[in-house]
Amino acid sequence: MPKSERRRQVESVVTYPLDWIEERTGWVGAVKYFLFRKVPGRTNWFHTLGSATLTAFLVQAITGVILAMYYQPHPDQAYESIQFITNDLTWGWLVRGMHRFGASVFIILMFFHMARVFLFGAYKYPREVNWMVGAALLILGMFEGFTGYLLPWDQTSYWASVVGINITGTGPFVGPFLANILKAGAEIDANTLSRFYSIHMLVLPAAIAGLIILHLWLVIRLGVSNPPWGPQPEEMDEDDEAPAREGLVQPVPRSNGK
Amino acid sequence: VDQSEHVPEQHAQVLSLWPIGVAVGVACALVGLLVSWWIVGIGVVIIVLFGTAWIYDVTRDRRPQPMAAAGPPAAGEQVERAAVGEHETSRKGFLSAMTLGLGAAIGAIVTIPPLVFAGLPPFKKGEGFVDVDVDLGPLTDFEEGQWLITQFNMFPPQGDVAERIAYVRYNGDLEGEPSFTIISNRCAHLGCPVQANGPTTPEQRRTYLAGRRKVTYTPVLPAGGFGCPCHGGQYDTEGNRTAGPPVRALDRWAYRIADGRLRLVGAYSVNEVDGTGKDANIGKYRLAQPGVHIDGVEQILYPFIPPS
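What you are looking at is a predicted structure, and each value in this text was computed from that prediction instead of being measured.

Undergrad: So, a nonpolar patch on the surface: which residues are in play, and what are the values?
TA: Residue and element names in this part refer to chain A. Where nonpolar side chains cluster on the molecular surface, the patch consists of Leu58, Ile62, Val65, Ile66, Met69, Tyr70 and Phe84 and spans about 660 Å² of accessible area. With six residues, the top contributor of residues to the nonpolar patch is helix 3 (residues 49-70). Among the secondary structure elements, Val65 is positioned in helix 3.

Undergrad: Which residues make up the packing of helix 1 (residues 5-25) of chain A against helix 2 (residues 27-35) of chain A, and what are the values?
TA: Each pair of packed helices gets described by two things: the angle between the helix axes and the distance between those axes. All names here are of chain A. Running from N to C, helix 1 and helix 2 cross one another at 95°; their axes reach a closest spacing of 6 Å. When the axis of helix 1 is compared with that of helix 2, the two are roughly perpendicular. Listed contacts from helix 2 to Leu18, Ile21, Glu22 and Thr25 of helix 1 are Trp27, Val28 and Gly29. Taken together, the residues that form the contact of helix 1 with helix 2 break down as four nonpolar, two polar and one charged.

Undergrad: Tell me about the confidence of the model for chain A, and please be specific about residues and values.
TA: All names here are of chain A. The predicted model of chain A has a mean per-residue pLDDT of 89, with 90% of residues at 70 or higher. Per-element confidence in chain A ranges from a low mean pLDDT of 90 for helix 2 to a high of 97 for helix 5 (residues 92-119). Below a pLDDT of 50 lies the segment residues 241-254, which in the model reaches 18 contacts outside its immediate sequence neighbourhood of four places, other chains included.

Undergrad: Go over the state of the cysteines, please, and point to the residues and values.
TA: All names here are of chain B. Going through the model one piece at a time under the given rule, you end up with one disulfide over all chains. Two residues, Cys192 and Cys230, share a disulfide whose sulfurs are 2.1 Å apart. Its S-S torsion of approximately -85° makes the covalent link between Cys192 and Cys230 left-handed. A residue pair is termed long-range when its members are at least 10 positions apart, and Cys192 in the loop between strand 4 (177-184) and strand 5 (195-196) and Cys230 in the loop between strand 8 (226-227) and strand 9 (234-235) qualify at 38 residues. Looking at Cys192, the relative accessible area reads 1%, which means it is buried. A relative accessible area of 36% places Cys230 in the partly exposed class. In this model Cys228 remains outside any disulfide bridge; the closest cysteine sulfur is found in Cys187, 3.8 Å from its own. Relative accessible area serves as the criterion here: at 7%, Cys228 is assigned to the buried category.

Undergrad: With reference to specific residues and values, describe the side chain of Thr192 of chain A.
TA: Residues and elements named next belong to chain A. Checked against the element boundaries, Thr192 lands in helix 9 (residues 190-222). What makes Thr192 buried here is its relative accessible area of 0%. The contacts of Thr192, once residues within four sequence positions are left out, are Leu150, Ile165, Leu182, Lys183, Ala184 and Glu187.

Undergrad: Report on the pattern of salt bridges, specifying residues and quantitative values.
TA: With the rule as written, the count across this model stands at 13 salt bridges over all chains. Connected through salt bridges with shared partners, the residues Lys3, Arg7 and Glu11 of chain A form a single ionic network.

Undergrad: So what about the interface of chain A and chain B? Which residues, and what values?
TA: Across the contact, 27 residues belong to chain A and 30 residues belong to chain B. Carbon and sulfur atoms make up 63% of the area that chain A and chain B hide from each other, which totals about 2400 Å². If you sort the residues of chain A by the area they bury against chain B, Phe173, Phe177 and Glu187 of chain A come out on top, with a joint share of 23%. Run the count over chain A and chain B and you get one salt bridge. Among the ionic pairs, Glu187 of chain A bridges to Arg164 of chain B, the shortest N-O distance being 2.8 Å. Put simply, chain A and chain B have eight residue pairs in polar contact (both at pLDDT 80 or more) between them. Looking at the side of chain A that touches chain B, the elements that each hand over two or more residues are helix 7 (155-169), helix 8 (175-183) and helix 9 of chain A.

Undergrad: Can you explain the nonpolar core? Please cite residues and give values.
TA: Judged by nonpolar contacts, the single largest core of 22 residues is most densely connected at Leu136, Phe142, Phe152, Val168, Ile182 and Trp253 of chain B. Those elements that place two or more of their residues in this core are strand 1 (134-138), strand 2 (147-153), strand 3 (163-174), strand 4, strand 6 (206-210), strand 7 (213-220) and strand 12 (261-274) of chain B. In contact with Ile182 of chain B, other than residues within four places in its own chain, are Ala166, Tyr167, Val168, Asp251, Arg252, Trp253, Tyr255, Leu262 and Leu264 of chain B. Listed in part, the 20 residues of the second largest apolar core include Ala78, Leu89, Leu150 and Tyr197 of chain A.

The rules behind these values
Residues numbered from 1 in each chain as written. Chains lettered and ligands numbered in written order. Predicted model: local features only at pLDDT ≥ 70, side-chain atom pairs only at ≥ 80, totals over all residues. Heavy atoms only, no water. Patch = residues over 30% accessible without salt bridge, like charges linked within 9 Å, V, L, I, M, F, W, Y side chains within 5 Å. Areas by Shrake-Rupley, 256 points an atom, 1.4 Å probe, with all protein chains shown as cover. Salt bridge = Lys/Arg side-chain N within 4 Å of Asp/Glu carboxyl O. Helix = DSSP H or I, 4+ residues; strand = E, 2+ residues; numbered from the N terminus. Axes fitted to C-alpha atoms, helices over the stretch in contact; angles between N-to-C directions. Parallel < 35°, antiparallel > 145°, perpendicular 65-115°, else oblique. Contact = heavy atoms within 4.5 Å. Nonpolar A, V, L, I, M, F, W, Y, C, P; charged D, E, K, R; others polar. pLDDT = per-residue confidence, 0-100. Disulfide = S-S within 2.5 Å. Buried < 20%, exposed > 50% of the residue type's maximum accessible area, 1.4 Å probe, protein only. Buried area = accessible area lost by both parts, 1.4 Å probe. Polar contact = N/O pair within 3.5 Å; in protein donor to acceptor, adjacent residues only side chain to side chain. Core = buried A, V, L, I, M, F, W, Y, C linked by side-chain atoms within 4.5 Å.

Now the structure itself:
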């Protein structure tokens, strides 16, 4: 069906700014490359667990940034500032609750995602490095949980951190030194709280974000693995190849020079 | 370009029993941690044996085959090497090396101070339990044989974080000097606060003010010794472990008597206490963190104790 004049006008209005950006940066192409990928047939909802984990992390990052605007990382004020966030600030209970329970959601989804990758055999060649990156993300995520647990500065969080730090301290040879580095000294005090806060909201989120980018880049580079029930290579034919998706941008022919 | 070299190597899927053996060894070692060190040892042996066999199996194709007889190198090889000049540095190579080297040097120079700043202050001496001097009040406040839950502040500028609790008992005089048993409430397992197993009398609580430091005494009768609420470690009234996961006896406080007052002068670790009260023979060690073995064969795992 030939396009009407009206439709062509609307399309050019939409595509012109996109083309303007694409010509100067290549970003539209990059987004297309990221979003419109070929995936194996017969993928199912299990393949969304990674995206769910990413969403959980983004929720943690955003709610964490907002909480950091009100939280005071000092032994005299930490508990009171948490009470203030929870009881006095508009929707503070909601944002803190999202961060608090979202932390559990993040860890649980990481484990589900890992179980999916393991049970589907998706960690095998050539995706071993992505499994390693994922394992590092799991460890950093757990460390996020550990450092975040101290911040409310109530009895539970204090003694749980005492126990956690002392478990670190029982590691052979270097354990006592690692415990001192965590505590920022021989005893738990104000420096421990601010150290945990700094690690929790600066060091680890940056490291996790960087590793997530690496993780995603490897997913894009290597593609999504064929599920165990998917077509085997010898059974595949031309029809199994997904057709290339039509692009977002329709390049406008431009003259050379002005 | 010849693509044949870039074909990924074929991963032969040969069913092997070695990984299963390693897994059995790991399971055995973990069970042994709960049951017996002997089973841990057996597990480690299984892991090493099967692991070695596994590695041997996997690397079979990679290992260099024994050469029959290495002939003299081909003439062409020699000529080629001479032409390229193995040790000759080109201008491009020199500049690349300089850029990388300078970048690494600058990176190291700016990275070291923050790392030192983050990592070394925790090891400064004299910030822990060792160099303190806390006034616990006049000797006349202590009744012989009575246990007191004694709460004091190690370092008032820190606020409540520096509050500590010790169990203090006056043992009467030993060779003309007053003798005290002062047991830290820090569990030797993982540092939770141990509680007295017996009735307290909070209505008899009294306080003593020494400058900015406030000391609170609550009489208690730890008939069943001391117990930890976190993981169930149990100790007798001398601080010896009687049950549960702790690795040594409860830490104690050293004290001195000055101007008729009891003063705490730092804590030390104890492996075992023989006897009771003023006649106790205390196995003193440098203050170690909770969970750290100070005697027995496990002490080789903790050769260095950071200053405190």
